[in-house]
Amino acid sequence: MLRKKTLEILTLREGSWAIESAAGDLETAQKAAVQFLGKPGVMGVRVLKESSEDIGNPAPGDILFEKLRSTGGADRIAVGEPSSLAPVCEDIEDLFNGGGRNSINRLFRAYLDKNTVTATEVMHNAREMKRIMDFESMLPSAVAKIAQMQSRSEDGPTMGERRDTLFGFADRLNTRAKQAESLNLPSLTNVDINEAIQHINKQSNGEAPGYLFRVAVSRELVNVRNWWGKFAMSVDWASACKSDPALANLDWFISDTLSNASVLQDLLGEQESLADALITLIEIADGVRSIDPEKARDATSTEATANKINGLFKDSKLPESKLAVMERVCRQLQGSGTLTKDGAEEPKVFREMLQRLIPGTELTGGPEMAEAITHRQSHIINKGGEGGLKAATASVLPALRDPGRKAGYLLSLRESDLGKDLLKNEIEQHLNGLFMTPDSVTQIVRSGAPNKKMEKVTSIFYRIQNSSLPDSRKAQLTEHLDELLATYVVDGKILDRLDDPNKPLHIRAFMLVSMCQPEMLPDGKASKLAREIIVKHLRRPNFETELVAQVPDDAKKEKILRDFHVQLHRSGFFN
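About the cut-offs
Residues numbered from 1 in each chain as written. Predicted model: local features only at pLDDT ≥ 70, side-chain atom pairs only at ≥ 80, totals over all residues. Heavy atoms only, no water. Helix = DSSP H or I, 4+ residues; strand = E, 2+ residues; numbered from the N terminus. Buried < 20%, exposed > 50% of the residue type's maximum accessible area, 1.4 Å probe, protein only. Contact = heavy atoms within 4.5 Å. Areas by Shrake-Rupley, 256 points an atom, 1.4 Å probe, with all protein chains shown as cover. Salt bridge = Lys/Arg side-chain N within 4 Å of Asp/Glu carboxyl O. 1 Å grid on protein atoms, 1.4 Å probe; cavity = no way out; pocket = protein on both sides within 12 Å on 5 of 7 lines; lining within 4 Å. Points joined across faces, edges and corners; volume = space filled by probe spheres on them. Nonpolar A, V, L, I, M, F, W, Y, C, P; charged D, E, K, R; others polar. Core = buried A, V, L, I, M, F, W, Y, C linked by side-chain atoms within 4.5 Å. Axes fitted to C-alpha atoms, helices over the stretch in contact; angles between N-to-C directions. Parallel < 35°, antiparallel > 145°, perpendicular 65-115°, else oblique. Left-handed = near helix turned anticlockwise from the far one by under 90°. Pairing = 2+ DSSP bridges. Expected span 1.5 Å × (residues − 1). Polar contact = N/O pair within 3.5 Å; in protein donor to acceptor, adjacent residues only side chain to side chain.

S.K.: Is there a simple way to think about the overall build of the chain in this case?
M.R.: Counting its secondary structure elements, the chain contains 31 helices and four strands. Looking at the chain as a whole, 49% of its 575 residues qualify as buried. Looking at the chain alone, contacts between residues at least 24 apart form 65% of all its contacts between residues at least 6 apart. Put simply, the chain shows about 27,800 Å² of open surface, and 49% of that area lies on carbon and sulfur atoms.

S.K.: Looking at this structure, I do not really get the pattern of salt bridges. What am I missing?
M.R.: Two side chains of opposite charge can pair, provided their charged atoms sit close to one another. Tallied over the full model, the rule gives 30 salt bridges. For Lys 322, the salt bridge goes to Asp 286, with nearest N and O atoms at 3.3 Å. Of this pair, Lys 322 sits in helix H17 (residues 319–334) while Asp 286 sits in helix H14 (residues 274–286), placing them 36 residues apart in sequence. Taking relative accessible area as the criterion, Asp 286 reaches 29% and is therefore assigned partly exposed. Taking the shortest distance from any N to any O, the salt bridge between Arg 570 and Glu 519 comes out at 3.0 Å. One end of the pair, Arg 570, is in helix H31 (residues 554–570); the other, Glu 519, is in the loop between helix H28 (505–514) and helix H29 (525–538), with 51 residues separating them in the sequence. The exposure class assigned to Glu 519 is partly exposed, which follows from its relative accessible area of 37%.

S.K.: Please clarify how the layout of surface pockets should be interpreted in this entry.
M.R.: Empty space among the atoms can be located by rolling a probe the size of a water molecule over them. Within this model, the second largest pocket holds a volume of roughly 190 Å³. Residue lining of the second largest pocket: Ala 261, Leu 264, Gln 265, Leu 268, Gly 269, Gln 271, Leu 274, Ala 277, Leu 278, Leu 281, Arg 328 and Gln 332, and that is the complete set. Class assignment of the residues belonging to the lining of the second largest pocket gives a composition of seven nonpolar, four polar and one charged.

S.K.: Is there a simple way to think about empty space enclosed by the protein in this case?
M.R.: Scanning the model with the defined rule gives three cavities of 30 Å³ or more in all. Quantified by volume, the largest cavity comes out at close to 400 Å³. What lines the largest cavity is a set of 26 residues, among which Leu 95, Ile 104, Leu 107, Phe 108 and Leu 139 lie closest to the centre. Elements supplying a minimum of two residues to the lining of the largest cavity: helix H3 (98–107), helix H5 (119–123), helix H6 (126–134), helix H7 (138–149) and helix H8 (159–181). In terms of residue count, H8 provides more of the lining of the largest cavity than any other element does, five residues in total. The residue makeup of the lining of the largest cavity, split by class, is 22 nonpolar, three polar and one charged.

S.K.: Which parts of the structure should I look at to understand the nonpolar core?
M.R.: A general tendency of soluble globular proteins is for nonpolar side chains to be buried together. Counting 154 residues, the largest nonpolar core has Leu 258, Leu 333, Ile 373, Tyr 409, Phe 435 and Met 515 as the members making the most contacts within it. Looking at this core element by element, the count peaks at eight residues for H14. Not counting residues within four places of it along the chain, the set of residues in contact with Ile 373 comprises Leu 333, Phe 350, Leu 354, Leu 357, Ile 358, Leu 363, Val 396 and Tyr 409. The next biggest cluster of nonpolar side chains, apart from the first, holds 12 residues, and it includes Phe 36, Leu 37, Val 47 and Phe 65.

S.K.: How should the packing of H28 against H31 be read in this particular structure?
M.R.: For any two helices packed against each other, one specifies the inter-axial angle together with the distance between the axes. Running from N to C, H28 and H31 cross one another at 20°; their axes reach a closest spacing of 10 Å. By the criterion of interaxial angle, the relationship of H28 to H31 is roughly parallel. Considering only the axes of H28 and H31, their crossing is left-handed. Taken together, the residues of H31 that come into contact with H28 (itself represented by His 506, Ala 509, Phe 510 and Val 513) are Ile 560, Asp 563, Phe 564, Gln 567 and Leu 568. Classifying every residue of the contact of H28 with H31 gives six nonpolar, two polar and one charged.

S.K.: Looking at this structure, I do not really get the sheet that holds strand E3 (residues 42–49). What am I missing?
M.R.: Strand-to-strand pairing in sheets goes through backbone hydrogen bonds, with the strands running parallel or antiparallel. Taken in spatial order, the four strands line up as E2-E1-E3-E4 in an open sheet, and their pairing is antiparallel. Each edge of the open sheet carries a strand with a single partner, namely strand E2 (16–23) and strand E4 (63–68). Averaged over all neighbouring strand pairs, the angle between strand axes comes to 20°, with direction disregarded.

S.K.: Help me understand helix H16 (residues 302–314) in this model?
M.R.: For an α-helix, 3.6 residues make a turn, and residues three or four places apart therefore share a direction. Taking 1.5 Å of rise per residue, the 13 residues of H16 would be expected to cover 18 Å, and the 18 Å separating its terminal C-alpha atoms lies within 8% of that figure. Buried residues in H16 make contact with helix H11 (227–240), helix H12 (244–258), helix H13 (261–268), H14, helix H15 (293–296) and H17. Phi turns positive, to about 55°, at Ser 316, one or two residues after H16.

S.K.: Can you help me understand the side chain of Thr 374 in this one?
M.R.: One can find Thr 374 in helix H19 (residues 366–380). The class for Thr 374 is buried, based on a relative accessible area of 0%. Within the local environment of Thr 374, its side chain forms a polar contact with the backbone oxygen of Ala 370, the two atoms lying 2.8 Å apart. Not counting residues within four places of it along the chain, the set of residues in contact with Thr 374 comprises Leu 389, Ala 392, Thr 393, Tyr 409, Leu 413 and Leu 423.

S.K.: Would you explain the pairing of strand E1 (residues 7–13) in this entry?
M.R.: Along a regular strand, successive side chains alternate from one face of the sheet to the other. Most of E1 sits out of view: six of its seven residues are buried. Direction of pairing for E1 relative to E2: antiparallel, over a ladder of seven bridges. Bridging across to E2, Ile 9 finds its partner in Ser 21. In this sheet, E3 lies alongside E1 in antiparallel orientation, the contact comprising seven bridges. Pairing of Leu 7 across the sheet is with Lys 49, part of E3.

S.K.: Looking at this structure, I do not really get the environment of Val 513. What am I missing?
M.R.: With respect to the helices and strands, Val 513 occurs in helix H28. Counting along the chain gives 20 residues from Val 513 to Ile 533, while the straight-line C-alpha distance between them is 9.6 Å. When near neighbours in sequence (up to four residues on either side) are disregarded, Val 513 contacts Ile 534, Phe 564, Gln 567, Leu 568 and Ser 571.

S.K.: Even after reading the chapter, I still don't get unusual backbone geometry, so can you show me in this structure?
M.R.: When glycine is set aside, most residues are seen to have a negative phi, and most peptide bonds are trans. With phi around 55°, Ser 316 is a residue other than glycine that occupies positive phi space. Secondary-structure assignment places Ser 316 in the loop between H16 and H17. The exposure class assigned to Ser 316 is exposed, which follows from its relative accessible area of 62%. Positive phi outside glycine occurs at Asn 382, with the angle close to 60°. Of note, Asn 382 is situated in the loop between H19 and helix H20 (385–400). Here Asn 382 falls in the partly exposed class, since its relative accessible area comes to 43%.

This is the structure we're talking about:
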């Protein structure tokens, strides 16, 4: 049977072409391409024949359709496109954090950048709300785009209903901001941040203290008309803040400023290559970037601000801001710009980046990063089209080596747009090859001590269990892994070695209980074998006396008994 030909739809972002989607016929592909042209940052679109050539430099005959955004009329502010993963907000509170605010940033990116104002500032400042609501037809256009996207489900609201809800959100945001306008809130530039928080908490008068705190922050930031100034001021407050709820609110402001390219550029400084820039961004997001301590002593320097946010990221205080940094890494990685000046070094440098992006079963940056990794690999192996993406997926896996990292990559990719469409079957085949075909734990994890092998397979078990795979597929994979673990425990006589009568009972008991820890074995056949032995011991009439019989010191006896009960509880014996 002949395979149906596929047409690739490409977008041009920051000078690099990348595959965005695919279609089976030219008419469908052209319509989709024109829609992609309206997305923020997309400067052009193409429809290509499926080809193994470099998508960044296709043969003229392979380009079936091309349209570039006009560079004229630069003063025009267009409404951007929200992510396909944009959440359906049920209340205005959903607009303030996470996906809701990110969607607002995407939709109004051009307006926000031109006016040097953040999305969070706008939503908490009556003057800025009025400006954005009165600006041309921008708000109605944005509402229409979201309403159309969120009314496609048969059991969901109609487009008209969703549009009315969204306009209602805008009116409520505006009304709330107007009501807060007359409130006497402390000036954060004149009062210590923690004193201001205490004052706001005491004087909330029925309004949420968190909302009033954001109003106070917005009042200061709207008067700072440069992006680095907003960022530095927000970081200073966050560094001094002792209130976790207030810090979470400041995270939204910092995240908003990090969505502006100039802030990240200032934070990065001069970089020799794209790879150096991306690795530095990853280091920033992890809070491990090296900062010159001499320069950081100058409170007005870039290094001083970088040093402060380094500590905040290291202590995991700014989760939303970390996502903003990683989103930039994702976009740059997905492009076709070379990572290094020496092209021969690109595969090696990319493997080093994979160590940071996929340290274990979780992938830093989620599905979007998995997709970006796949696109980057397709550039490295110089294969374009659907075939190139499939080849890229297959060639990423050997570079990861560790089966847990492979699981993390494939399951994250499965949740991406590519994974749900073009690469769905490919990913399923790789999952089968990694976790269904093997008939032993050793075939999955080839080296390491028995406990490390079991921990690795267990971590894969949990990653699959928590994935977006259909329940039936999850069950198929996890049940097979549980069977392999049970067989490994029995054939390796692991429990017999742990429950050796020649060892003191307290040592045997702790080792057996460790087998029931959630990180060692999942709840299933394998852990049940260990539990049966432990229960048998627990039912002995004088078990606790026997447990510490070979421990001479009374204080140590008490500690062993306490620790043993803690481990039993952690393993679920008292549930």
